[in-house]
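# Structural features, examined
Here is what each chain is made of, one letter per residue.
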Amino acid sequence: MTDPERPADDAATGLDTVSGALEVLRARVEAVRLPLDAPGAQAARATRAGVLAQVDDYLLPRLRTAAAPLLVVVGGSTGAGKSTLVNSLLGERVSAPGVLRPTTRSPVLAHHPQDAPWFTGDRVLPGLARVVARTAGGTDGRTGDAAGASSGAPASVPAALPDPAAATAAAQAGGGLTLVATVALPAGIALLDAPDVDSVADENRALAAQLLAAADLWLFVTTAARYADAVPWDVLAGAAGRDAQVALVLDRLDAGTGEVVPDLRALVAAQGLEDAPLFVIPESALEAGLLPARVVAPLRDWLAQLATEPGAGAAVVAATRDGAVDDVLRQVEDLALAADAQAEAVERLRSSLDAAYAQAREQVRRSTSDGSMLRGEVLARWQDFVGTGEFFRALERRVGAARDRVVGFLRGRPTSAPQVQEAIAHGLEAVLLDASESAAERTWSTWRADPAGRALVDDPTLARAPSDLRTSVAAEIRAWQSDVLDLVREQGAGRRGVARAVSFGLNGIGVSLMVVVFASTGGLTGIEVGVAGGTAVAAQKVLEAVFGDDAVRRLARQAHERLDDRVQALLDGQRRRYEALLDAALAGVAGGGAVRAAARDLDAAARAERATRPADARRGLPAAPSDAVPPDMSPDALSPDAASRDRGPRDRFSTGEQGPGSTAPRTGLWARLRGRRPGRTA
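Below: a short report on this structure. (Residues numbered from 1 in each chain as written. Predicted model: local features only at pLDDT ≥ 70, side-chain atom pairs only at ≥ 80, totals over all residues. Heavy atoms only, no water.)

## Description of the pattern of salt bridges
We count it as follows: The rule for a salt bridge is simple: a side-chain nitrogen of Lys or Arg has to be within 4 Å of a carboxyl oxygen of Asp or Glu. For helices the rule is a DSSP run of H or I covering at least 4 residues; for strands it is a run of E covering at least 2, with both sets numbered from the N terminus onward. Exposed residues in this analysis have more than 50% of their type's maximum accessible area, buried residues have under 20%, and partly exposed residues fall in between, with area computed by a 1.4 Å probe over protein chains only.
Using the criterion set out here, one finds 30 salt bridges in the structure. The partner of Arg 613 in a salt bridge is Asp 322, and the shortest N-O contact between them spans 2.6 Å. With Arg 613 in the loop between α20 (593–611) and α21 (635–638) and Asp 322 in helix α10 (residues 312–367), the pair connects residues that are 291 residues apart, well separated along the chain. Look at Arg 613 and you get buried, because its relative accessible area is 11%. Each of Arg 321, Asp 322, Asp 326, Glu 609, Arg 610 and Arg 613 takes part in one network of salt bridges that share partners.

Right under this line is the structure:
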């Protein structure tokens, strides 16, 4: 703080360790990807954004610059009089109140000129552009006693300084932060007038939440008419949840409504903020646009205490910082669970994809081995090919003679074999198309039924196999049939008799091998079993006559393996379009393990740093003064006339408020702290 309150070496080292651990955690949180709309994903995305904002806007800047001024953010309900209160505390107009809603649209930050370097850079709220303004009295960020500046403060401020009205207008147009330097504030404390937390404008509400999250101290302002509104209490509940340091101001309280105070205290206690100081500002006539100094004196003096009492400001900063660290740790555990859910969803979607295409492969394998391929057109073309069957009964005679007969038979039927081969291709194509379509439909249906996968399959064409599938299937079948002929050719090479048979009837022997591959009759019944069984026996007789029993079994196995390989390649190509969707959406998606590990390191560093602090550094906010709530809320006590009767030129608050007609300037906080009060010398 500007005292200066530089941390001791061991404390500074502890804060550096916490800062380093927080930077690691921030990187891990930023790396968390939540692309799937799994249950809770939307809330987890908001949590991630909130953690990053809290770390960037408050925690890291505060940890890196422990000596920076105490930032008090004045926030609250629409029309609560926040800007008027800020102006009245300073004794001059630095923030423009408004009648229209929303009122405060651009945040205004008032600070002592010596503290300007802390705020003109991007130390806090780096996403907001700065507009630097003069105060109404002409004081700017280049004036003031540099000897009192914060130790370790950054260098210089900009030279071009518009007046506050122009600066605020420019900031509102550009969505920036107006900086107003004023000697009405002591060095070491800054007041930020924030937009309404319940503004009708979404961007104002979001900005108010961002500013409050960057505060060392919340000064929460409400009124008797608005104190029970839901939105402000939601904000206060969030503050209580992260142990933020909060003081409340009940503004514009009319005479005779004193029952509001105990009711407000009860509501505050119910939110876990029973220790929050409460200040009551009675309804008062404005004087030159400002509240009478006497009604803001208790709050002004309390803020002065935070700025000037040794260790007071640092204790507030430490308490808010600790609460923010603890809140981040709580939130990242929820985020880690959401990351785990994303990783589990990825595995679930991938498993359903694997199952769909494994089922398709099994469907093809079953259809090509249970005899069902030997129905219909394949069976008819085969029967055309083999004729009446007299030839195959002759195959039971001597093998040598059989080979000669096979050669003669195959040479005599050169046009029939291609017809059988074509029929097999048609049948196999139907099997592969059906399996591919079924796999696509199963994948699409499963993903659509899963909230995590629904957005990935918005395209209804993904429920069907791609339009070029038939072409791909035909190419794979032709390639497999070529594989079968290559197997026959390789088997016949080097054996003269066999080679001669192969050379004269390669297609016929290849067709016979294809039939043997589909030889089982497990899927047929009745007459079909006998017909198909005879077909397979006939084909096997041809092959055994040419190659022998062992060779035929080996050839059939190899042909089936090559068919399996090509089916697998075809199905893998089809499933890649779903894998591409997963890969594109889920690149870098991982579980929450890395986030948890970084959170454990931050927790350990924070605990170690807190253990080094002296006991008096952990006290948090000082209590509100005894006159923070006026003891008598009767109309007489609060009326301007009664107040005038009770006060002389120098009232008991010593506020520097002038009598009627006086042109002397109002005395602000800084003057009070330096002892410059009306009628007194410094």
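From this point, the discussion proceeds with the structure in view.
## Overview of the environment of Val 589
Stated precisely, the cut-off is as follows: Should any heavy atoms of two residues lie within 4.5 Å, those residues are considered in contact.
Residue placement: Val 589 occurs in the loop between α19 (549–586) and α20. The class for Val 589 is buried, based on a relative accessible area of 18%. For the pair formed by Val 589 and Ala 339, sequence separation is 250 residues and the distance between their alpha carbons is 7.7 Å. When residues no more than four places from it in sequence are discounted, the contact partners of Val 589 are Arg 33, Pro 35, Gln 342, Ala 343 and Val 346.

## Side note on empty space enclosed by the protein
Note the following rule: Using protein atoms alone on a 1 Å grid, points that fit a 1.4 Å probe yet trap it form a cavity, whereas open point sets bounded by protein on both sides within 12 Å along at least five of seven lines form a pocket; residues with an atom within 4 Å of a point count as lining. Grid points are joined across faces, edges and corners, and a volume is the space filled by probe spheres set on the points.
Counting across every chain of the model gives six cavities of 30 Å³ or more. Each pocket or cavity is described by its volume, and for the largest cavity that value is around 70 Å³. Surrounding the largest cavity, Gln 54, Tyr 58, Leu 212, Ala 213, Ala 215, Asp 216, Trp 218, Arg 242, Ala 244, Gln 245, Thr 320 and Ala 324 form its lining. Elements represented by at least two residues in the lining of the largest cavity include exactly α2 (41–64), α6 (202–213) and α10.

## A word on the packing of α10 against α20
A pair of packed helices is captured by two measures, namely the crossing angle of their axes and the spacing between those axes. Defined as follows: Every axis in this analysis is a line fitted to C-alpha atoms, fitted for helices over the stretch in contact. Angles between the N-to-C directions lie between 0 and 180 degrees. Any angle that is under 35 degrees is reported as roughly parallel, and any over 145 degrees as roughly antiparallel; angles of 65 to 115 degrees are reported as roughly perpendicular and all others as oblique. Throughout, a crossing is termed right-handed when the near helix is turned clockwise from the far one, and left-handed when it is turned anticlockwise from it by less than a right angle. Charged means Asp, Glu, Lys or Arg here, nonpolar means Ala, Val, Leu, Ile, Met, Phe, Trp, Tyr, Cys or Pro, and polar covers whatever is left, Gly included.
Two numbers describe how α10 lies on α20: the axes approach to 9 Å, and their chain directions differ by 165°. Viewed along their axes, α10 and α20 adopt a mutual orientation that is roughly antiparallel. In this structure, α10 meets α20 at a crossing whose hand is left-handed. Of the residues in α20, those touching α10 at Arg 321, Asp 322, Val 325, Asp 326, Leu 329, Val 332, Glu 333, Ala 336, Leu 337 and Asp 340 are Gly 593, Val 595, Arg 596, Ala 599, Leu 602, Asp 603, Ala 606, Glu 609 and Arg 610. Classifying every residue of the contact of α10 with α20 gives nine nonpolar, one polar and nine charged.

## Topic: the sheet that holds strand β2 (residues 108–111)
Where we set the bar: One requirement defines pairing of two strands: DSSP has to find at least two bridges between them.
Here we have eight strands laid out as an open sheet, ordered β3-β4-β2-β5-β1-β6-β7-β8, and mixed in their pairing. With partners counted over all chains shown, the strands left at the sheet margins are β3 (130–133) and β8 (278–282), one partner each. Sheet twist, expressed as the mean angle between neighbouring strand axes with direction ignored, is 20°. Two strands pair when backbone bridges link them, and strand β1 (residues 70–76) and strand β5 (residues 189–193) are joined in this way by five bridges, in the parallel orientation. Within β5, the residue paired with Val 73 across the bridge is Leu 192.

## A word on the packing of aromatic side chains
Here is the rule we go by: A pair of Phe, Tyr and Trp rings is counted when the ring centres sit within 6.5 Å of each other, with Trp represented by its six-membered ring. The angle between the planes then sorts it: under 30 degrees is stacked, over 60 is edge-to-face, the rest tilted.
Enumeration over the complete set of coordinates arrives at four aromatic pairs. Taking the centre distance of 5.2 Å and the plane angle of 55° together, the rings of Phe 279 and Trp 302 count as tilted. Of this pair, Phe 279 sits in strand β8 while Trp 302 sits in helix α9 (residues 293–308), and the two are 23 residues apart along the sequence. Exposure class is identical for Phe 279 and Trp 302. Each is buried. An angle of 50° between the planes, with centres 6.4 Å apart, marks the rings of Tyr 357 and Tyr 578 as tilted.

## What to know about the packing of α2 against α10
Close contact between α2 and α10 brings their axes to 9 Å; oriented N to C, the two are set at 150°. With respect to α10, the element α2 is oriented roughly antiparallel. Seen from above, α2 lies across α10 with left-handed handedness. Seen from α2, the contacting residues are Ala 41, Ala 44, Thr 47, Arg 48, Val 51, Gln 54, Val 55, Tyr 58, Leu 59, Arg 62 and Leu 63; seen from α10, they are Val 317, Thr 320, Arg 321, Ala 324, Val 325, Val 328, Gln 331, Val 332, Leu 335, Ala 338 and Gln 342.

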